[in-house]
Amino acid sequence: MAGSDALTTSDEYQDLLLESAEFSDFLLGLATMSATLLGADTRTVFCTITVERNGAPSTMSSSSELGRRLDERQYAADAGPCLTAVRQQSAVLVEDMATDQRWGKYAQAALSEGVQAMLAVPIRTDGSSRAALNCYARKAHAFDEETVSLLETHAASMSRILRLALRLHAPQAYPEHLRSALKSRAVVDAAIALIMLQHRGGRDGALELLQLAAVSSNRRIQQIATDIVDGGSFSAARLDGG
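Residues numbered from 1 in each chain as written. Predicted model: local features only at pLDDT ≥ 70, side-chain atom pairs only at ≥ 80, totals over all residues. Heavy atoms only, no water.

Right, let's get into the nonpolar core. Of all hydrophobic cores here, the largest spans 34 residues; its most connected members are Phe26, Ile49, Phe143 and Leu151. Elements represented by at least two residues in this core include exactly helix H1 (10–19), helix H2 (23–37), strand E1 (45–53), strand E4 (117–123), strand E5 (129–137) and helix H6 (145–168). Here the element with the most residues in this core is H6; it accounts for nine residues. With residues up to four places along the chain from it excluded, the contact list for Leu151 reads Leu37, Leu38, Leu119, Val121, Leu133, Cys135 and Phe143. (Core = buried A, V, L, I, M, F, W, Y, C linked by side-chain atoms within 4.5 Å. Buried < 20%, exposed > 50% of the residue type's maximum accessible area, 1.4 Å probe, protein only. Helix = DSSP H or I, 4+ residues; strand = E, 2+ residues; numbered from the N terminus. Contact = heavy atoms within 4.5 Å.)

Here the focus is the state of the cysteines. Per the stated rule, a full pass over the model turns up zero disulfides. Its sulfur unpaired, Cys47 is 3.3 Å from the next cysteine sulfur, which belongs to Cys135. Residue Cys47 is classed as buried on the basis of its relative accessible area, which comes to 0%. Accessibility expressed as a relative area gives 1% for Cys135, which makes it buried. (Disulfide = S-S within 2.5 Å.)

Within the structure shown, the criterion is met by two aromatic pairs. Measuring from centroid to centroid gives 6.3 Å for Phe23 and Phe26, while their planes differ by 20°, and the two rings are stacked. Taken together, the positions of Phe23 and Phe26, both in helix H2 and three residues apart, correspond to about one turn of that helix. Both residues of the pair, Phe23 and Phe26, belong to the buried class. When the centroid spacing of 5.6 Å and the interplanar angle of 20° are considered together, the rings of Phe46 and Tyr136 count as stacked. (Phe/Tyr/Trp six-rings, centres within 6.5 Å; stacked < 30°, edge-to-face > 60°.)

Looking at the chain as a whole, the pLDDT averages 80, with 79% of positions reaching at least 70. Contacts from residues 236–242, a stretch scored under 50 in pLDDT, to residues over four places away or in other chains number 13 contacts. (pLDDT = per-residue confidence, 0-100.)

Here it is as structure tokens:
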């Protein structure tokens, strides 16, 4: 599925950095460039950029809202393909979410959103930071050998400009209460995805079920969502609070 466009030039990277007011804007540009490089419909293939500073994911940008949600679910669990690529600095290919056993609950969440394959490729940075390009596809076995090679080359081409951007932009500090809010939102999203998968319904219906469970049990949605994610099913949530 490799695209036919040439790799992004150093001038294009420099222009992007100069024109981006914030680091997040710059990363969004990189993610969008990466999705365009694949030469596919952005509704079927989309990309994210994960940057980890001082041992914690501090910045993420995505060419789609779904990509953001899927990455944040990995942040909540502190595990998943993109974090593995970042921390081990090696490419991670999930050819078919339905059969891959490495990240069971995360794979279920991805499948419920219609994502069937993923490729995460590290981007070399300086010592205190690590990064990865993450590509999601709605079709299994979407990333063939040629595409993997193309994206590894593309990630390598981003290394220099990303290192420069990291030096120009100070880390975005996340106070503890904001980190907790991010994790809480990701857990709720993961629970909604599991309910969607198990009940074969839409996102709105899954959220309604979660809200009804909270009202009937007099518990917070986040508590029930945590039970669902830990237990792997909606019925695993102890709705009576006991």
